[in-house]
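# Residue-level structural notes
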Amino acid sequence: MITLRVAHALVLGFLFAAPAFAGDATPAAGASSNVFQDGKAGFIVSHIAYALSKDANETGACPDGMTAGYGDGSGFGSIGEAFLSRPDLTRREGEEEQPYVKRVFGQGFSDPNTKNLCLNPELGKPDPRFRTVTGKNVPADGIDLDGQDSRANGKPAPGTCAHDDFRGTNGERGIDNQFFRVVGCSKSYQSTGQSNTYEIGMYAGEWGILLTLKGVTDLHNAKDVEVGIYANADPIQLSPTREALANATYAIDQDPRFRATAHGRIVNGVLTTDPVDVRFHWVVNSIRLERPLQDARLRVTFTPDGGFEGILAGYTSVEDVYDFAYGFRNGTDGKGNPSPLQLRNVSSIGQAAVLGHTCNGAYYALKKFADGHRDPKTGQCTSISTQYRIKAIPAFVVDTPTHSINSTLVN
């Protein structure tokens, strides 16, 4: 996609350009300070992935085995079980996979009256085939979100639900990463799996994340740093080898729902922010979705290339994480209308078949291990701790409208 901007708007819109660092800063060892000017700088996330752990066969995370999918687990040939009250959509004895899939597509995916467990997981039940992390002393990547080690204290922090914290990959205590507990026994979330490769869409220009810093007078210690976290309105700029380019120019998404500001501090070269709600775009199979993170916080260290890397963590509503990771129920098209039902059907059930999970199994596992935003009326938690490992590189971030010359072609 090619973006258009008026030249003078670009110049006036530059908020965070930076040939040099102003003031008497004392950079942390190994960190580059020349991306800052008057204590300000802009960045784009160049790499992002779920913060999880090593593979289950290395950590012993899954002594009861790995998650299995519908039917016999043979891909599309066994998805009939996902359709409720339609025994005629199960695979017939001797039926070849290709004609079976054609029959399911014709009769099940296109019929709005046919309910399936991926768009309606609450109509199913918890599934013992969906395995979760039960191994002892399994490490997990991430940070402490609720300020206490629930395993040691034996009780949850205020506003949370009882859960078993992980130890960190470097021995830290109190790591809140219940999303990993849910997905850690799914083959698609192992190192060679497909579920942690959504960065590909970012590199295809479908979405992106921008960050800005203000008030950085010292990369080693700074008492009050203002951190902007935004959805990117422009496709990411890549080199001929498809690496994210440093110092490219990006516009902030003008929708206030995708803009957040937090305060933080730098201590011994580590930037930590206070909680703030953030929200990003995500696209899968032409279905537009959102990836929200409540009470999100950053814990990152500066890198010699002028960027930073570390953790972006918070809590994701169970309903939201189910939608963007499994069900695509609330997906929309390019104009904000509900994405075609058949596309959501095919995408959600097709993903379950290919990746080897059951949608109702995933849904009830997320609900079971939810540990954040406890509802005082029901006593149930409505969100689950979710952590991302990110890397960001310097960028010029402007707050000005931008649009694509292809926008009229979006359906």
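Notes on the structure in this doc start here.

What the protein contains, in helices and strands, is 9 helices and 15 strands. Relative to its 411 residues, the protein shows a buried fraction of 53%. Expressed as a percentage of contacts within the protein between residues at least 6 apart in sequence, the contacts between residues at least 24 apart total 69%.

Okay, the pairing of strand β14 (residues 381-398) next. In terms of burial, β14 is largely enclosed, as 14 of its 18 residues are buried. As paired elements, strand β7 (residues 249-251) and β14 share 3 bridges and run parallel to each other. Along β14, the bridge assignment pairs Y250 with V397. Here 2 bridges tie strand β13 (residues 372-374) to β14, and the two strands are oriented antiparallel to one another. The partner of R374 across the bridge, within β14, is C381. A loop of 6 residues connects β13 with β14, the two strands running antiparallel in sequence, and G379 in this loop sits at a positive phi of about 80 degrees.

The next thing to look at is the nonpolar core. Counting 99 residues, the largest nonpolar core has F36, F43, I48, L211, L213, Y326 and L366 as its most contacted members. Broken down by element, this core gets its largest block of residues, 8 residues, from β14. If you look at the next biggest cluster of nonpolar residues, it comprises 6 residues, including I143, L145, A313 and Y315.

Enumeration according to the criterion identifies 3 disulfides in this entry. In this model C62 forms its disulfide with C185; the gap between the sulfur atoms is 2.0 Å. The disulfide joining C62 to C185 has a torsion of about -105 degrees about its S-S bond and is therefore left-handed. Taken together, the residues span a long stretch of sequence, with C62 in the loop between α2 (56-59) and α3 (97-109) and C185 in the loop between α5 (178-183) and α6 (199-203) at a distance of 123 residues. Taken individually, C62 and C185 each receive the classification buried, so the pair is uniform in this respect.

On to the environment of L117. Assignment of secondary structure puts L117 in the loop between α3 and β3 (139-140). Sequence-wise, L117 and F83 are 34 residues apart; in three dimensions their C-alpha atoms are separated by 6.3 Å. Beyond its immediate chain neighbours, meaning those up to four positions away, L117 contacts Y70, E81, A82, L84, L123, G124, Y322, C359 and N360.

Considering all chains together, one arrives at 15 aromatic pairs under this definition. The interplanar angle of 90 degrees and the centroid separation of 6.4 Å between the aromatic rings of Y198 and Y388 together place this pair among those described as edge-to-face. Taken together, the residues Y198 in the loop between α5 and α6 and Y388 in strand β14 connect sequence positions 190 residues apart. The class of Y198 is buried, set by a relative accessible area of 7%. Taking relative accessible area as the criterion, Y388 reaches 3% and is therefore assigned buried. In this structure, R291 packs its charged tip against the face of W282, placed 5.0 Å from the ring centre. Note that R291 overlies the ring of F324, its terminal NZ or CZ placed 4.4 Å from the centroid.

It is worth spelling out the environment of Q294 at this point. Within the secondary structure layout, Q294 lies in strand β11 (residues 287-302). If we ignore the near neighbours within four places in the chain, the residues touching Q294 are V276, D277, G314, Y315, T316, S317, H373 and S383.

What follows deals with the packing of helix α7 (residues 318-327) against helix α9 (residues 359-369). As a packed pair, α7 and α9 sit with axes 10 Å apart at the nearest point and diverge in direction by 150 degrees. Classified by the angle their axes make, α7 and α9 are roughly antiparallel. When the axes of α7 and α9 are compared, the crossing they make is right-handed. Contacts between α7 and α9 involve V318, E319, V321, Y322 and Y326 on the former and, on the latter, C359, A362, Y363, L366 and K367. Taken together, the residues of the contact of α7 with α9 sort by class into 8 nonpolar, no polar and 2 charged.

Cut-off values and rules
- Residues numbered from 1 in each chain as written.
- Predicted model: local features only at pLDDT ≥ 70, side-chain atom pairs only at ≥ 80, totals over all residues.
- Heavy atoms only, no water.
- Helix = DSSP H or I, 4+ residues; strand = E, 2+ residues; numbered from the N terminus.
- Buried < 20%, exposed > 50% of the residue type's maximum accessible area, 1.4 Å probe, protein only.
- Contact = heavy atoms within 4.5 Å.
- Pairing = 2+ DSSP bridges.
- Core = buried A, V, L, I, M, F, W, Y, C linked by side-chain atoms within 4.5 Å.
- Disulfide = S-S within 2.5 Å.
- Phe/Tyr/Trp six-rings, centres within 6.5 Å; stacked < 30°, edge-to-face > 60°.
- Lys NZ or Arg CZ within 6 Å of the ring centre and 35° of its normal.
- Axes fitted to C-alpha atoms, helices over the stretch in contact; angles between N-to-C directions.
- Parallel < 35°, antiparallel > 145°, perpendicular 65-115°, else oblique.
- Left-handed = near helix turned anticlockwise from the far one by under 90°.
- Nonpolar A, V, L, I, M, F, W, Y, C, P; charged D, E, K, R; others polar.

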